[in-house]
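Results of the structural survey
One-letter residues, chain by chain:
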Amino acid sequence: MFAVIKTGGKQYRVAANDLLKIEKLEAKVGDIVEIGNVLAHGEGENVTFGAPFVDGALVTAEVVEQGKNRTVIAFKKRRRQNSRRKIGHRQLLTTVRIAEILLGGAKPAKKAAAKAEAAAVEAKAEAAPKEAKAKKEAAPKEEAKAEAAAAPLFKAPKGEPDDLTVIKGIGPVAAKDLNEQGIITFAQLAKLSDKDVAKIDEHMPFSADQIKDWREQAKELAKK
């Protein structure tokens, strides 16, 4: 017997014991999840279609793993605007094993869920002392990391700031972001090293090419 189910905006043809990767479900490994959106089911040439879903049909599955898909890169460039944006996305996925295809309002067996719950309670009891120790050791590191994240990337010089929006490609929002990270003058922007450019590229939504172009423009403005 097979069924066609809908989850995460996608449709899948499944049968008992099939391993399937679907968009993330809020469940723990070993839990039994129920998928009620059954579009069709059948056996051989005998197929029943829903309108849109089959009444009383249900598919249950055991959660095998929680993970992520490969990284997808979205790159956007605007011509002659010195504008580039690079964004990565990793879709969260849940790997499940199809347990049962139930029809006519039949109730699912929940043995796997009970077993998973018992295992989770036991694992939690064993892990509690280790987690407490790890949290205690990690606390100073986390505090230092938070302080480092809150600090600006550069130390702003004394004196009046320059209007960075004069540089082509830097708008009010970009200028504000640069100011918050300690870059406030043409001279400061002109003296950025390649290492500084790499630091900005890593921590701010600007590409290395953009920053290098701004640096060249800033050199000319700093001379005036």
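Residues numbered from 1 in each chain as written. Predicted model: local features only at pLDDT ≥ 70, side-chain atom pairs only at ≥ 80, totals over all residues. Heavy atoms only, no water.

Quick word on the overall build of the protein
Of regular secondary structure, the protein possesses 5 helices and 10 strands. Within the protein, buried positions represent 29% of all 224 residues. Pairs at least 24 residues apart make up 64% of the contacts formed inside the protein by residues separated by at least 6 positions. Here the protein displays about 15400 Å² of accessible surface, and carbon together with sulfur accounts for 52% of that area. (Helix = DSSP H or I, 4+ residues; strand = E, 2+ residues; numbered from the N terminus. Buried < 20%, exposed > 50% of the residue type's maximum accessible area, 1.4 Å probe, protein only. Contact = heavy atoms within 4.5 Å. Areas by Shrake-Rupley, 256 points an atom, 1.4 Å probe, with all protein chains shown as cover.)

Some remarks on the pattern of salt bridges
The full count for this structure, using the stated rule, is 5 salt bridges. The salt bridge partner of Arg84 is Asp209, with a shortest N-O separation of 3.9 Å. Placement of Arg84 in strand β9 (residues 83-89) and of Asp209 in helix α5 (residues 208-223) is noted, with a sequence separation of 125 residues between them. Residue classification places Arg84 among the partly exposed residues on the basis of a relative accessible area of 22%. Accessibility expressed as a relative area gives 45% for Asp209, which makes it partly exposed. (Salt bridge = Lys/Arg side-chain N within 4 Å of Asp/Glu carboxyl O.)

Points about helix α2 (residues 172-180)
Listing the buried residues of α2 in full gives Ala174, Ala175 and Leu178. For α2, the angular spread of the buried residues around the axis is 100°, confining them to a single face. Every exposed residue of α2 that faces more than 90 degrees away from the buried side is listed here: Pro172, Val173 and Lys176. The secondary structure elements touched by the buried residues of α2 are α5. At the C-terminal side of α2, Gly182 shows a positive phi close to 95°. (Arc of directions from axis to C-beta.)

Considering the sheet that holds strand β10 (residues 92-102)
If you trace the 4 strands from one edge of the open sheet to the other, you get β3-β10-β7-β4, paired in antiparallel fashion. If you trace the sheet from one side to the other, it starts and ends with β3 (19-23) and β4 (32-35), each paired once. Adjacent strand axes in the sheet meet at a mean angle of 45° when their direction is disregarded. Note: strand β7 (residues 58-68) against β10, 10 bridges, orientation antiparallel. (Pairing = 2+ DSSP bridges. Axes fitted to C-alpha atoms, helices over the stretch in contact; angles between N-to-C directions.)

Some thoughts on unusual backbone geometry
Residue Pro52 is bonded to the preceding Ala51 through a cis peptide linkage, with omega at 0°. Take Pro52: it is sitting in the loop between β6 (46-49) and β7. If you check the backbone angles, Asn17 has positive phi at about 75° while not being a glycine. Checked against the element boundaries, Asn17 lands in the loop between β2 (10-15) and β3.

With respect to the confidence of the model for the protein
Within the protein, residue pLDDT values average 84, and 82% of them lie at 70 or more. The low-confidence segment residues 112-116 (pLDDT under 50) makes 7 contacts with residues lying over four places distant or belonging to another chain. (pLDDT = per-residue confidence, 0-100.)

Concerning the pairing of β2
Looking at chain direction, strand β1 (residues 2-7) and β2 are connected through 6 bridges and run antiparallel. Residue pairing in the sheet places Thr7 in a bridge with Lys10 of β2. Connecting the antiparallel pair β1 and β2 is a turn made up of 2 residues, with Gly8 showing a positive phi of about 65°.

A look at the packing of aromatic side chains
Counted under the stated rule, the structure contains 1 aromatic pair. Above the plane of the ring of Phe2 lies Arg13, whose end atom (NZ or CZ) is 4.0 Å from the centre. Across from the ring centre of Phe154, 5.0 Å away, lies the NZ or CZ of Lys199, which sits over that ring. (Phe/Tyr/Trp six-rings, centres within 6.5 Å; stacked < 30°, edge-to-face > 60°. Lys NZ or Arg CZ within 6 Å of the ring centre and 35° of its normal.)

Considerations on the nonpolar core
By size, the foremost hydrophobic cluster in this structure holds 21 residues, and its most contacted members are Ile167, Ile170, Leu178, Leu189, Leu192, Ile200 and Phe206. Elements represented by at least two residues in this core include exactly α2, α3 (186-190), α4 (194-203) and α5. Per element, the largest residue contribution to this core is 4 residues, and it comes from α5. Each residue touching Ile170, except ones within four places of it in the same chain, is listed here: Leu164, Thr165, Ala175, Leu178, Leu189 and Trp214. Val14, Val33, Ala61 and Ile101 belong to the second-largest nonpolar core, a separate cluster that totals 19 residues. (Core = buried A, V, L, I, M, F, W, Y, C linked by side-chain atoms within 4.5 Å.)

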